[in-house]
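Spelled out from the first residue to the last, the chains are:
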Amino acid sequence: HRHLLGIEPLRPDEITTILDLSDQYVDFNRRRDKHANALAGLTQINMFFENSTRTQASFELAGKRLGADVMNMAMQASSIKKGETLIDTAMTLNAMHPDLLVVRHPHSGAVDLLAQKVNCAVLNAGDGRHEHPTQALLDALTIRRAKGRLHRLSIAICGDIAHSRVARSNLLLLHKMENRIRLIGPPTLMPSGIDAFGVEVFDDMREGLKDVDVVMMLRLQKERMDGGFIPSEREYYHRYGLDAEKLSHAKPDAIVMHPGPMNRGVEIDGTLADDINRSVIQDQVEMGVAVRMAAMDLLARNLRARPTEVMT
Ligand code: CP
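Residues numbered from 1 in each chain as written. Predicted model: local features only at pLDDT ≥ 70, side-chain atom pairs only at ≥ 80, totals over all residues. Heavy atoms only, no water.

Defined as follows: UniProt positions are given in the numbering used here, feature names are shortened, and annotations may be inferred rather than shown by experiment.
As recorded in an unreviewed UniProt entry, the protein chain goes by Aspartate carbamoyltransferase and comes from Mameliella alba. As stated in UniProt under Pathway (unreviewed entry), the record for the protein chain gives "Pyrimidine metabolism; UMP biosynthesis via de novo pathway; (S)-dihydroorotate from bicarbonate: step 2/3." UniProt, in the comment section headed Sequence similarities (unreviewed entry), describes the protein chain in these words: "Belongs to the aspartate/ornithine carbamoyltransferase superfamily. ATCase family."

What follows is the structure, given as structure tokens:
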């Protein structure tokens, strides 16, 4: 592949290849000396049009640890504020010959559109409610390391499914790897027609969590509920917030995940989120750096195998 725009075009064996390389980078990142040169000589530009802590920091660290020249565009201070369009901004940066563009944008499809206009590799760091492929890959790596496999697991994705690119990318990946997927949440936050995807849909947490291996919580994304129904936080926590009692319906060794940023006391109990016997939330963050290193390493191998393109 030339870009990493989503999980949708990836085959199961390609997902496994990325995860196998990511495992090597997990070991690498635990060393004192964390310098390699897989991206040496390449320029990586990070363009985040939406806020980020985990994704931006881990893409920056991943690029630096692999020897790339990394630039973080401060989009709030860019000429976007003067009315320059996304595509004109991308074309301007493209003229500076980057090799890797990492892009987060609030509109679904914006990153795909941008990838058609530039002649470098583009990585989707989250576009609207469409896809967040490196999040699904880091979640998959976390599950595979915790459970010893990434197939035939029973996995519950819980909460605000409708607005979640994390849910969409995870659903695509976990389905490709032949897992049993349950979606749990209020009907108002469930996309219509989702059960046609081969998933089971529940609006009761205790029923939906019964005997699952993995519990994946999602953030309530109020910023995407433009004018629609916004549940009260207290009511939401009561019915859909994960606490020890609701978790007791899952398998005794079920792991608890959350992509972050989390709202403690809204979708998850803070004590449970911090319980290292159940929660793998910090492991997810660690896997994030390794997965982004693997994704950029593989795209760079592909870039280097192609003749240098002349801009037109
Ligand atoms: N999980 C995730 O994408 O977090 P950030 O928004 O902090 O990058």
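**Some thoughts on the site of the ligand**
Heads up, the rule is: The criterion for a residue being near a molecule or strand is simple. One of its heavy atoms has to lie within 4 Å of it. Counted as a polar contact is a pair of N or O atoms within 3.5 Å, where, for protein atoms, one must be capable of donating a hydrogen and the other of accepting one, and residues adjacent in sequence contribute only when both atoms are in side chains. Each accessible area is a Shrake-Rupley estimate made with a 1.4 Å probe; only the visible protein chains count as cover when residues are assessed. Classification used: nonpolar for Ala, Val, Leu, Ile, Met, Phe, Trp, Tyr, Cys and Pro, charged for Asp, Glu, Lys and Arg, polar for all others including Gly.
As a structural note, the neighbourhood of the ligand is formed by Ser52, Thr53, Arg54, Thr55, Arg104, His132, Gln135, Pro259 and Gly260. Measuring from an oxygen atom of the ligand, one finds a side-chain N or O atom of arginine 104 at 2.9 Å. Protein contacts shield 91% of the accessible area of the ligand, which totals 250 Å² for the unbound molecule. Residues of the shell around the ligand, tallied by class, amount to one nonpolar, six polar and two charged.

**Brief notes about the environment of leucine 183**
Test applied: Note on conventions: DSSP H or I runs of at least 4 residues are helices, E runs of at least 2 residues are strands, and numbering of each starts at the N terminus.
Tracing the backbone through its elements, the reader meets leucine 183 in strand β6 (residues 180-184). As for leucine 183 and glycine 67, which are separated by 116 residues in sequence, their C-alpha atoms are 40 Å apart.

**A closer look at the sheet that holds strand β3 (residues 100-105)**
Condition: The pairing criterion for strands is at least two bridges between them, as found by DSSP. Every axis in this analysis is a line fitted to C-alpha atoms, fitted for helices over the stretch in contact. Angles between the N-to-C directions lie between 0 and 180 degrees.
In spatial order, the strands read β2-β1-β3-β4; together these four strands make up an open sheet with parallel pairing. For this open sheet the edge positions go to β2 (69-73) and β4 (121-127), each flanked by a neighbour on one side alone. On average, adjacent strands in this sheet sit at an angle of 15 degrees to one another, irrespective of strand direction. The pairing of strand β1 (residues 43-48) with β3 spans five bridges and is parallel. In the sheet register, glutamine 44 faces β3, and the bridge partner there is leucine 100.

**Remarks on the UniProt feature "binding site: L-aspartate" (unreviewed entry) in the protein chain**
Keep this limit in mind: Summary of the burial criterion: residues with accessible area below 20% of their type's maximum are buried, those above 50% are exposed, and those between are partly exposed, where the area comes from a 1.4 Å probe applied to protein chains only. Pairs of residues are marked as contacts when any of their non-hydrogen atoms sit within 4.5 Å.
Listed under "binding site: L-aspartate" (unreviewed entry) in the UniProt record, and renumbered for this structure, are Lys82, Arg165 and Arg219. These residues run over 138 residues, and the two farthest C-alpha atoms among them are 32.0 Å apart, placing them at more than one spot. By secondary structure assignment, the location of lysine 82 is in the loop between β2 and α3 (86-94). In this structure lysine 82 comes out as exposed when scored by relative accessible area, which is 73%. Summarising the element assignment, arginine 219 is placed in the loop between β8 (214-217) and α8 (233-240). Excluding anything up to four places from it in sequence, arginine 219 contacts Asp160, His258, Pro261, Asn263 and Glu267.

**Structural notes on unusual backbone geometry**
Residue proline 261 is reached from glycine 260 by a cis peptide bond, and omega for that bond is -10 degrees. With respect to the helices, strands and loops of the structure, proline 261 is situated in the loop between β9 (255-257) and α10 (270-273). Phi is positive for histidine 97, which is not a glycine, with a value near 60 degrees. The class for histidine 97 is exposed, based on a relative accessible area of 52%. A positive phi angle, near 65 degrees, is found at glutamate 178, a position not held by glycine. Relative to the helices and strands, glutamate 178 is located in the loop between α6 (165-176) and β6. Given the relative accessible area of 61%, glutamate 178 is considered exposed.

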